Amino acid sequence: MNIIFFGPPGAGKGTQAELVSKELNIPTISTGAIIREALKNQTKMGKEAQSYIESGALVPDSVVIGIIEERLAKDDCKNGFILDGFPRTIPQAEALDKMRAKIDIVVSIELSDETIVERMSGRRVCPACGASYHTKYIPSRDNMSCDKCGTVLTIRKDDDPAVVKSRLDVYHKETEPLEVYYKNKGLLKSVTGKEKLEDTTAATFAVLGIK
Ligand code: AMP
């Protein structure tokens, strides 16, 4: 199954994508994670993306389309994949349509701006292995360091409240139109983001017909 997780930043797309990925044994491809890794390694692409990501703006379409094209060509995508954070603009969705991968379903996780701001303020990430946590919803065992590798957790620069506000503005302007785009193709399934992670997961699995 080829799945897109769609929704505002901080809606929990990445978390749900990981759970589905384990269940279906297909890879999750997060353009945000790929770009952050490139930034950490200061590759050419990482340096090019830095100012966009840190200010909450979108990285140019040509860059992310290139990332996805390269990633989808890999062998592990043959039996299915999950896209988390791509596409984020109409031109990106159109470029994806031209790639060989046919999308089966777009799961849209819906959440109010108010809840998103609250959620993002508690988000923590591991700078070493990329695992993500939330001080209230998904705390690590000691709520300070990574359960997987022990590194002290940090706050992403783009989770700063002012940056979150501009990421939401960008979402409403550039990304939300994709809802209609996929609805018109009959691919959109909506899930209401719930207070409890397990409840959102149950709703997500239900629309995907898992379990
Ligand atoms: P995310 O981890 O998905 O919230 O992405 C973090 C940041 O990476 C975004 O705010 C953008 O700056 C950049 N980014 C990730 N995916 C895309 C995309 N599909 N198009 C443009 N920029 C992206």
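All values derive from a computational prediction rather than experimental measurement.

Draft legend 1. Just the pattern of salt bridges, in detail. Inspection of every chain in the model, using the stated rule, returns 12 salt bridges. The salt bridge involving Arg-167 is made with Asp-159; its shortest N-O contact spans 3.2 Å. Under the relative-accessibility criterion, Arg-167 is labelled buried at 10%. We classify Asp-159 as buried; its relative accessible area is 3%.

Draft legend 2. Layout of the packing of helix 7 (residues 161-175) against helix 8 (residues 177-184). It is at 5 Å that the axes of helix 7 and helix 8 come closest, and there the two elements cross at 35°. Two secondary-structure elements touch here, helix 7 through His-172, Lys-173, Glu-174 and Thr-175 and helix 8 through Pro-177, Leu-178 and Glu-179. Considering only residue class, the contact of helix 7 with helix 8 consists of two nonpolar, two polar and three charged.

Draft legend 3. The site of the ligand, seen in detail. Around the ligand sit 16 residues, and of these Thr-31, Ala-57, Gly-85, Gln-92 and Arg-167 come closest. Thr-31 places a side-chain nitrogen or oxygen 2.8 Å from a nitrogen atom of the ligand. Between Gly-85 and the ligand, the recorded distance is 2.9 Å, taken from a backbone N or O atom to a nitrogen atom. Taking 480 Å² as the accessible area of the ligand by itself, protein coverage stands at 96%. Ranked by residues supplied to the shell around the ligand, first place goes to helix 2 (residues 31-40) with four residues.

Cut-off values and rules
- Residues numbered from 1 in each chain as written.
- Predicted model: local features only at pLDDT ≥ 70, side-chain atom pairs only at ≥ 80, totals over all residues.
- Heavy atoms only, no water.
- Salt bridge = Lys/Arg side-chain N within 4 Å of Asp/Glu carboxyl O.
- Buried < 20%, exposed > 50% of the residue type's maximum accessible area, 1.4 Å probe, protein only.
- Axes fitted to C-alpha atoms, helices over the stretch in contact; angles between N-to-C directions.
- Helix = DSSP H or I, 4+ residues; strand = E, 2+ residues; numbered from the N terminus.
- Contact = heavy atoms within 4.5 Å.
- Nonpolar A, V, L, I, M, F, W, Y, C, P; charged D, E, K, R; others polar.
- Near = heavy atom within 4 Å.
- Polar contact = N/O pair within 3.5 Å; in protein donor to acceptor, adjacent residues only side chain to side chain.
- Areas by Shrake-Rupley, 256 points an atom, 1.4 Å probe, with all protein chains shown as cover.

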